[in-house]
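Okay, here's what each chain looks like letter by letter:
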Amino acid sequence: WKRAQAEVRDGQANAMFVIGRNAEREEWLHFSPAIITTEYGFFVQASNPVEFSVNEDVRGYTVGVYGPSNTSRSLEKIRDELGELTIEMKADDESGFRKLSLGRVDAVFSNRDVGNDMVARLGLQNIRYAGAQRSLNYYIGFSKAHNSANVVERFNTRLETLITDGSVNEILSLHNMVLR
């Protein structure tokens, strides 16, 4: 992820798919229309009965998260609110899910779609999604330094056409993802 961002910053690549929006990224990226709606939420062991609905549901938990990232910053806000939450941040998604499967953390905070893919790819039968903490949109982010606003506008106009005619939703549905 760091390399992908560096390649876009350096002009080795024109854009990143998919990326969340934040103030820092707004400074150096143009964004497409929102293309995927997903959510951040908590994964737990299947034996854990929690059905996440409010931050209090994870008070006292040790939570794995990929970071630093928008995901980890969101979890840090939850920790700051609760006071009683320990974060185990790792530079990859896989570590947290493996630790959760082994009972070394109480939960993993992740993008739902990334987490579901990770659980399936790793063959972790004892993990389930406990619920959403918040929903969010993802975009294509184009380097401002290496793409003119005109090029991005033309791309976005064509993307809107593909969204309107259902092409984007058809592709996303193949991956159990939802159009904005």
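The rules behind each value
- Residues numbered from 1 in each chain as written.
- Predicted model: local features only at pLDDT ≥ 70, side-chain atom pairs only at ≥ 80, totals over all residues.
- Heavy atoms only, no water.
- Salt bridge = Lys/Arg side-chain N within 4 Å of Asp/Glu carboxyl O.
- Buried < 20%, exposed > 50% of the residue type's maximum accessible area, 1.4 Å probe, protein only.
- Pairing = 2+ DSSP bridges.
- Helix = DSSP H or I, 4+ residues; strand = E, 2+ residues; numbered from the N terminus.
- Right-handed = clockwise from strand over helix to strand, strands pointing away.
- 1 Å grid on protein atoms, 1.4 Å probe; cavity = no way out; pocket = protein on both sides within 12 Å on 5 of 7 lines; lining within 4 Å.
- Points joined across faces, edges and corners; volume = space filled by probe spheres on them.
- Nonpolar A, V, L, I, M, F, W, Y, C, P; charged D, E, K, R; others polar.
- Expected span 1.5 Å × (residues − 1).
- Arc of directions from axis to C-beta.
- Contact = heavy atoms within 4.5 Å.
- Core = buried A, V, L, I, M, F, W, Y, C linked by side-chain atoms within 4.5 Å.
- Phe/Tyr/Trp six-rings, centres within 6.5 Å; stacked < 30°, edge-to-face > 60°.
- Lys NZ or Arg CZ within 6 Å of the ring centre and 35° of its normal.

Considerations on the pattern of salt bridges
Next up, step 1: Summed over all chains, the structure comprises 12 salt bridges.
Next up, step 2: The partner of Asp113 in a salt bridge is Arg112, with the nearest N and O atoms 3.3 Å apart. Pair check on accessibility: Asp113 and Arg112 agree, each one buried.
Next up, step 3: Connected through shared salt-bridge partners, Glu39, Arg112 and Asp113 make up one network.

Regarding the pairing of strand β5 (residues 86–90)
Next up, step 1: Where strand β4 (residues 62–66) and β5 come together, 5 bridges link them in parallel fashion. Bridged to Thr62 within β5 is Thr86.
Next up, step 2: Read as a crossover between parallel neighbours, the route from β4 over helix α3 (residues 70–82) to β5 is right-handed.

Observations concerning the layout of surface pockets
Next up, step 1: Its boundaries defined by the atoms lining it, the largest pocket holds a volume of some 710 Å³.
Next up, step 2: Forming the walls of the largest pocket are 29 residues, and the residues nearest its centre are Phe17, Val18, Ile19, Val114 and Tyr138.
Next up, step 3: Counted by class, the lining of the largest pocket contains 19 nonpolar, 7 polar and 3 charged residues.
Next up, step 4: Looking at the second largest pocket, its volume works out to about 200 Å³.
Next up, step 5: Taken together, Trp1, Lys2, Gln5, Asn22, Glu24, Arg25, Tyr66, Gly67, Pro68, Ser69, Arg73 and Ala91 make up the full set of residues lining the second largest pocket.
Next up, step 6: Of all the elements in the fold, those that place two or more residues in the lining of the second largest pocket are α1 (2–10) and α2 (23–28).

Regarding helix α6 (residues 149–164)
Next up, step 1: Across its 16 residues, α6 extends 22 Å between first and last C-alpha, which sits within 8% of the 22 Å expected from 1.5 Å per residue.
Next up, step 2: The set of residues buried in α6 consists of Val152, Asn156, Leu159 and Ile163. All buried residues of α6 lie within an arc of 60° about the axis, which places them on one face of the element. Facing away from the buried side of α6 by more than 90 degrees, the exposed set consists of Glu153, Arg154 and Thr164.
Next up, step 3: Looking at the residues trailing α6, positive phi occurs at Gly166, about 90°.

Some remarks on the side chain of Asp113
Next up, step 1: Turning to its location among the elements, Asp113 is positioned in helix α5 (residues 112–122).
Next up, step 2: Its relative accessible area of 13% is what places Asp113 among the buried residues.
Next up, step 3: Among residues more than four places away in sequence, those in contact with Asp113 are Thr38, Asn176 and Met177.

What about the nonpolar core?
Next up, step 1: Within the largest apolar cluster, 28 residues are counted, with the highest numbers of intra-cluster contacts made by Phe42, Val58, Tyr61, Val63, Leu75, Leu85 and Phe109.
Next up, step 2: Elements that contribute at least two residues to this core include exactly β3 (36–45), β4, α3, β6 (107–111), β7 (127–143), α6 and α7 (167–173).
Next up, step 3: Here the element with the most residues in this core is β7; it accounts for 5 residues.
Next up, step 4: Setting aside residues no more than four positions away along its own chain, Val58 makes contact with Phe42, Phe52, Leu82, Glu84 and Leu85.
Next up, step 5: With 10 residues, the next largest nonpolar core counts Phe43, Val105, Leu124 and Ile127 among its residues.

A closer look at the environment of Gly11
Next up, step 1: Within the secondary structure, Gly11 is located in the loop between α1 and β1 (15–19).
Next up, step 2: According to the relative accessible area criterion, Gly11 is partly exposed, its value standing at 35%.
Next up, step 3: Separated by 159 residues in sequence, Gly11 and Glu170 place their C-alpha atoms 31 Å apart.

Quick look at the packing of aromatic side chains
Next up, step 1: Evaluated as defined, the whole model comprises 7 aromatic pairs.
Next up, step 2: Relative to Phe52, the ring of Phe42 lies with its centre 4.7 Å away and its plane at 40°, an arrangement referred to as tilted. Taken together, the positions of Phe42 in strand β3 and Phe52 in the loop between β3 and β4 put the pair 10 residues apart, joining distant regions of the chain. You'll find Phe42 and Phe52 in the same group, each marked buried.
Next up, step 3: The ring of Trp28 is capped by Arg9, whose NZ or CZ atom sits 3.9 Å from the centre of that ring.
Next up, step 4: The positively charged end of Arg21 is found above the aromatic ring belonging to Tyr139, 5.2 Å away from the centroid.

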